[in-house]
Amino acid sequence: MFMRYFSRLVSAMAGPRPVVLSGPSGAGKSTLAKKLLEEYKGIFGFSVSHTTRNPRSGEENGKDYHYVTREVMQDSIDKGEFIESAVFSGNMYGTSKASVQAVKDKNLICILDIDMQGVRAVKTTDLNPIYVYIQPPSLTILEKRLRDRKTESEESLQKRLEAAQVDMEICKEPGIFDIIIVNDDLDNAYAKLKQALIEEIEKVQKINSS
Ligand SMILES: Nc1nc2c(ncn2[C@@H]2O[C@H](COP(=O)(O)OP(=O)(O)O)[C@@H](O)[C@H]2O)c(=O)[nH]1
Ligand SMILES: Nc1ncnc2c1ncn2[C@@H]1O[C@H](COP(=O)(O)OP(=O)(O)O)[C@@H](O)[C@H]1O
C-alpha cells in the first residue's frame, strides 16, 4: 500500500514522460511533432537540438534548432552540456541538458526528435521516455517524399537514403521501440501517435486543470 503510494508520488514528481520520435530522415517526424505541438498547446514542448547543418528556408534559429559552428558545439559537448550528440549525414546534432530542462520546467511532455544513435544514448540516461519509431511505408515512398520536400542536395539525399536502410533494419531489434508507426496516411499515423501518448497527455491535462 505504502509502496504503491510512494511510487505514484515519485512518478508524479518526475513529471510526464518525454517522447522520443526517431526514424529515417523524411519519415514524417517533424510533421507529426508539429501536429502534436499545434493541437496540444500547453501540453507538449519541443526539445530544440543543436546542429552544425545550415538552416533550411523557413526554419528558425532557437525554434527548429540552435544553429552553431562545429567549434561551438564541440566546446559545449566537452563541457558536458549535452545529454547526447551524434554525427548524421556529415553534420553534428545533439540534445543539450538545457533544452530538455527548459521543457521539463514548464511541466510539458518533452518531444525529442533524434536519430538512432541518439536513441541508444538516451537509453543510458534516466530520462525514461516513450520510444516511438516513425517508419515510411517503403524506401521508394521515402525517396519521393524527400525529393518533393526539396530541402536536400543529391548528395545529402543519397546519404539520408543509405542511413534510412540501416535504420529500418535496426528498428526491428526487439525492445528498442515501444511502438512503430507506419506513416502511410498522415491522419492515421497521427491518430496512432496520440493513442500511444494518451496516458501522458491526460496526466498533464489533469495537472493543468487542478
Ligand atoms: N542524436 C540526435 N539526432 C538528432 C538531433 N536532432 C535531430 N536529429 C536527427 O538528425 C537527423 C537529421 O535531421 P535534419 O537535418 O533536421 O533532417 P530531417 O530529419 O530530414 O528533417 C534526423 O534523424 C533527426 O532525428 C539530436 O539532438 N540528436
Ligand atoms: N503521411 C504523409 N504522406 C505524404 N507526405 C508526408 C506524410 N508525412 C510527411 N509527409 C511529407 O514528407 C516530407 C518529410 O516529412 P518530415 O516531417 O519533414 O520528415 P522528417 O522530420 O522525419 O525528416 C515532408 O515534405 C512532409 O510534408
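Within each chain, residue numbers correspond to sequence positions counted from 1 in written order. Whichever chain is written first becomes A and whichever ligand is written first becomes 1, with later ones labelled in order. It should be noted that, the model being predicted, local features are given only for residues of pLDDT at least 70 and side-chain atom pairs only at 80 or more, the latter also being counted only at that level, while totals for whole chains, interfaces and linings use all residues. Neither water nor hydrogens contribute to the side-chain values; these are computed over all heavy atoms in the structure.

Looking at the site of ligand 1
Basically, it comes down to this: Think of it this way: one heavy atom of a residue within 4 Å of a molecule or strand is enough to make that residue near it. Counting of polar contacts relies on pairs of N or O atoms within 3.5 Å, with two restrictions inside protein: one atom must be capable of donating a hydrogen and the other of accepting it, and residues adjacent in sequence are counted only when both atoms are side-chain atoms. Methods summary: accessible areas were calculated by the Shrake-Rupley approach with a probe of 1.4 Å, and residue burial reflects only the protein chains presented. In this classification, Asp, Glu, Lys and Arg are treated as charged, Ala, Val, Leu, Ile, Met, Phe, Trp, Tyr, Cys and Pro as nonpolar, and every other residue, Gly included, as polar.
Lining the immediate surroundings of ligand 1 are 19 residues, of which Ser-25, Arg-53, Tyr-65, Tyr-93 and Asp-113 lie closest. Here Ser-49 contributes a side-chain N or O atom positioned 2.6 Å from an oxygen atom of ligand 1. Between ligand 1 and Arg-53, the relevant distance is 2.6 Å, taken from an oxygen atom to a side-chain nitrogen or oxygen of the residue. Relative to its free-state accessible area of 570 Å², ligand 1 is covered by the protein chains to the extent of 97%. When its residues are assigned to classes, the shell around ligand 1 shows five nonpolar, six polar and eight charged.

Things to note about the site of ligand 2
Close to ligand 2 lie 14 residues, the nearest being Gly-26, Lys-29, Ser-30, Thr-31 and Asn-183. Here an oxygen atom of ligand 2 sits 2.9 Å away from a polar atom, N or O, in the main chain of Gly-28. One nitrogen or oxygen atom from the side chain of Lys-29 is found 2.7 Å from an oxygen atom belonging to ligand 2. Bound to the protein, ligand 2 loses 75% of the 560 Å² it would expose on its own.

Digging into the UniProt feature "domain: Guanylate kinase-like" (unreviewed entry) in the protein
Our working definition: UniProt positions are given in the numbering used here, feature names are shortened, and annotations may be inferred rather than shown by experiment. Helix and strand labels come from DSSP, where a helix needs a run of H or I of at least four residues and a strand needs a run of E of at least two; each type is numbered from the N terminus.
Under the UniProt annotation, "domain: Guanylate kinase-like" (unreviewed entry) lies at residues 16–198. Between the end C-alpha atoms of residues 16–198 there is a gap of 11 Å, over a span that is 42% helix and 22% strand.

With respect to the sheet that holds strand β6 (residues 91–96)
Spelled out, the test is: Two strands qualify as a pair provided that DSSP identifies no fewer than 2 bridges between them. Each axis is a line fitted through C-alpha atoms, and for a helix only the stretch in contact is used; angles between axes span 0 to 180 degrees, taken between their N-to-C directions.
Spatial ordering of the open sheet is given by β4-β3-β6-β5, a layout of four strands whose pairing is mixed. Either end of the sheet is taken by a strand with one partner, and the two such strands are β4 (65–67) and β5 (82–88). Across this sheet, the average inter-strand angle for adjacent strands is 25°, counted without regard to direction. Where strand β3 (residues 49–51) lies against β4, three bridges are found, and the strand directions are parallel.

Some points on the layout of surface pockets
Cut-off, in case you're wondering: Cavity: a set of points on a 1 Å grid over the protein atoms alone where a 1.4 Å probe fits but cannot get out. Pocket: an open set with protein on both sides within 12 Å along at least five of seven lines, its lining residues, like those of a cavity, having an atom within 4 Å of a point. Grid points are joined across faces, edges and corners, and a volume is the space filled by probe spheres set on the points.
Within this model, the largest pocket holds a volume of roughly 1,200 Å³. Forming the walls of the largest pocket are 44 residues, and the residues nearest its centre are Lys-29, Ser-30, Lys-34, Tyr-65 and Asp-113. For the lining of the largest pocket, the elements supplying multiple residues, two or more each, are α2 (29–39), β2 (44–46), β5, β6 and α6 (139–149). For the lining of the largest pocket, the leading source of residues is α2, giving seven residues. Tallied by class, residues from the lining of the largest pocket come to 12 nonpolar, 16 polar and 16 charged.

Details of the packing of aromatic side chains
For clarity, the threshold we go by: Note on ring pairs: Phe, Tyr and Trp rings are taken, using the six-membered ring of Trp, and paired if centres are within 6.5 Å. Classes follow the plane angle, with under 30 degrees stacked, over 60 edge-to-face and the rest tilted. The classification of residues rests on relative accessible area computed with a 1.4 Å probe and restricted to protein chains. Under 20% of the type maximum is buried, over 50% is exposed, and intermediate values are partly exposed.
In the structure shown here, the tally under the stated rule is five aromatic pairs. For the ring pair Tyr-40 and Phe-44, a centre distance of 5.8 Å and an interplane angle of 65° mean the geometry is edge-to-face. As far as burial versus exposure is concerned, Tyr-40 and Phe-44 are alike and both buried. Ring plane angle 80° and centroid distance 6.2 Å describe the contact between Phe-88 and Tyr-93, whose orientation is recorded as edge-to-face. For Phe-88, a relative accessible area of 17% translates into the label buried.

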